[in-house]
Amino acid sequence: MGKDIKKILILNGSPRANESTTILVTKAFVDGIVSESKAEVEYINLNDLNIKPCLGCLSCWGRTEGECIIKGDDIEMMKRKILEADIFIESYPLFFFGMPGMMKVFTDRMLSMLKTYRGQKSPVNGESFHGIRNEIVPKFVVITSCAYTEFGPVYEPLIKQYDCICGKNNYLMLFAPQLKTLISLKNEAKIKKHLSKFYDAGKEYALNDLKLSDETYELLKKPPFSEGAYKIFLDNFWKEEKEKGTK
Ligand SMILES: Cc1cc2nc3c(=O)[nH]c(=O)nc-3n(C[C@H](O)[C@H](O)[C@H](O)COP(=O)(O)O)c2cc1C
């Protein structure tokens, strides 16, 4: 499969854009794919785009059939790029158990890519609630970091949201708990080891028909620190931050 991957599009949805730590694991994963495919890669910072919020007019579901009536911003360009890609990756931190606000604005504008709602029943086979308008769409991957250790309950709302929008079987979500702390501690050896897990996973994904084994999936979501050690790091971090404020 690897050699059939021609284009990977990555949308960096962290408001910290070039400072994002999430994008580091995303890059490692993408580099792993590229090592087996030589795919062309394009990174776009959501921060750099002009994306207006959805007006809620539902024209794209009726009058204009798949086209948004908001003209002159970057959504049309993004839709074109998404449909040209073989793999589309959204990379962002977890904010309040969901996606950051600017990612939600972007996601709302994707309504025109979904089929018109005509009273469909809840899907039973892991499909999207609405269905996707285009027959050929890229493989969709979400890579998201968070600060919590107990990331299972923390990610439930986001997973549920993507299950409804895309359908359970139509996307892959990779998690990176405790990532910002790992990066900020500057332990190069530990960071390298952590990123190499994502690189190897990218390789596997490219070679294994754009799928990950359960074993790799579980390995990626394992937090880098024990609960006890992490609590100490966090306490120290906030203490130092507070001290900075008093200087
Ligand atoms: C507004 C806000 C809300 C957040 N909510 C959560 C949360 O619900 N759960 C969590 O584990 N981390 C939460 N975090 C922490 C971020 O997910 C974490 O710092 C992330 O790794 C930063 O990623 P980045 O470096 O790519 O921006 C939140 C951070 C902010 C600023």
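The coordinates are above.
Conventions used here
- Residues numbered from 1 in each chain as written.
- Predicted model: local features only at pLDDT ≥ 70, side-chain atom pairs only at ≥ 80, totals over all residues.
- Heavy atoms only, no water.
- Near = heavy atom within 4 Å.
- Polar contact = N/O pair within 3.5 Å; in protein donor to acceptor, adjacent residues only side chain to side chain.
- Areas by Shrake-Rupley, 256 points an atom, 1.4 Å probe, with all protein chains shown as cover.
- 1 Å grid on protein atoms, 1.4 Å probe; cavity = no way out; pocket = protein on both sides within 12 Å on 5 of 7 lines; lining within 4 Å.
- Sits in = over half its atoms within 2 Å of the grid points.
- Patch = residues over 30% accessible without salt bridge, like charges linked within 9 Å, V, L, I, M, F, W, Y side chains within 5 Å.
- Salt bridge = Lys/Arg side-chain N within 4 Å of Asp/Glu carboxyl O.
- Helix = DSSP H or I, 4+ residues; strand = E, 2+ residues; numbered from the N terminus.
- Buried < 20%, exposed > 50% of the residue type's maximum accessible area, 1.4 Å probe, protein only.
- Arc of directions from axis to C-beta.
- Contact = heavy atoms within 4.5 Å.
- Points joined across faces, edges and corners; volume = space filled by probe spheres on them.
- Nonpolar A, V, L, I, M, F, W, Y, C, P; charged D, E, K, R; others polar.
- Pairing = 2+ DSSP bridges.
- Right-handed = clockwise from strand over helix to strand, strands pointing away.

Q: I keep staring at the site of the ligand and nothing clicks. Help me out?
A: Near the ligand there are 16 residues, and of these R16, S20, T21, T22 and L94 occur at the shortest range. In this structure, an oxygen atom belonging to the ligand sits 2.9 Å away from a side-chain N or O atom of S145. For the ligand, whose free accessible area comes to 660 Å², the fraction covered by protein is 79%. Taking a 2 Å distance to the grid points as the criterion, the majority of the atoms of the ligand fall inside the second largest pocket.

Q: Mind showing me how you'd approach a nonpolar patch on the surface here?
A: On the surface, F95, F96, F97 and Y148 cluster together into a nonpolar patch covering about 490 Å² of accessible area. Position of Y148 among the secondary structure elements: in the loop between strand 4 (139-146) and helix 4 (151-166). Using a relative accessible area of 44% as the deciding quantity, one classes Y148 as partly exposed.

Q: Mind showing me how you'd approach helix 2 (residues 75-84) here?
A: Think of an α-helix as 3.6 residues a turn; residues three or four steps apart then line up on the same face. For helix 2, the complete set of buried residues consists of I75, M78, K79, K81 and I82. The buried residues of helix 2 occupy an angular sector of 165° when the element is viewed end-on, so they sit on one face. Those residues of helix 2 that are buried lie in contact with strand 1 (7-12), strand 2 (40-45), strand 3 (87-93) and helix 3 (101-108).

Q: Just checking my understanding: could you explain the layout of surface pockets for this structure?
A: Any empty space left between atoms is shown by rolling a water-sized probe over those atoms. For the largest pocket, the calculated volume is near 1,000 Å³. Contributing to the lining of the largest pocket are 36 residues, with F140, Y162, C166, N170 and Y171 lying nearest its centre. At the level of elements, strand 3, helix 3, strand 4, helix 4, strand 5 (172-177) and helix 7 (214-220) are the ones that each hand at least two residues to the lining of the largest pocket. Broken down by class, the residue content of the lining of the largest pocket amounts to 22 nonpolar, six polar and eight charged. The space that makes up the second largest pocket amounts to roughly 750 Å³. Only strand 4, helix 5 (179-184) and helix 8 (227-246) provide two or more residues apiece to the lining of the second largest pocket. Ranked by residues supplied to the lining of the second largest pocket, first place goes to helix 8 with five residues. Class assignment of the residues belonging to the lining of the second largest pocket gives a composition of 16 nonpolar, seven polar and three charged.

Q: What should I look at first to understand the pairing of strand 4 in this one?
A: Consecutive side chains of a regular strand alternate in pointing toward one face of the sheet and then the other. Counted residue by residue, strand 4 has seven buried out of eight residues, so it is predominantly covered. Relative to strand 4, strand 3 runs parallel, the two being bridged by seven bridges. When the sheet's bridge partners are listed, F88 is paired in strand 4 with F140. Handedness of the crossover joining strand 3 and strand 4 through helix 3: right-handed. Note that strand 4 and strand 5 share six bridges and pair parallel. Opposite I143, over in strand 5, you have L174 as the bridge partner. The parallel pair strand 4 and strand 5, bridged by helix 4, forms a crossover whose chirality is right-handed.

Q: Is there a simple way to think about the pattern of salt bridges in this case?
A: When charged atoms on two side chains of opposite charge get close, those side chains can pair. The final tally for this structure, using the stated rule, is 15 salt bridges. Residues K7 and E42 are paired through a salt bridge, measuring 3.4 Å at the closest nitrogen-oxygen approach. Highlighted residues: K7 in strand 1 and E42 in strand 2, separated in sequence by 35 residues. One salt bridge connects E76 with K79, and the closest N-O pair in it is separated by 3.7 Å. With E76 and K79 both in helix 2 and three residues apart, this pair spans about one turn of that helix. Relative accessible area serves as the criterion here: at 34%, E76 is assigned to the partly exposed category. The class of K79 is buried, set by a relative accessible area of 8%. Salt bridges linked by common partners bring K7, E42 and K81 together as one network.

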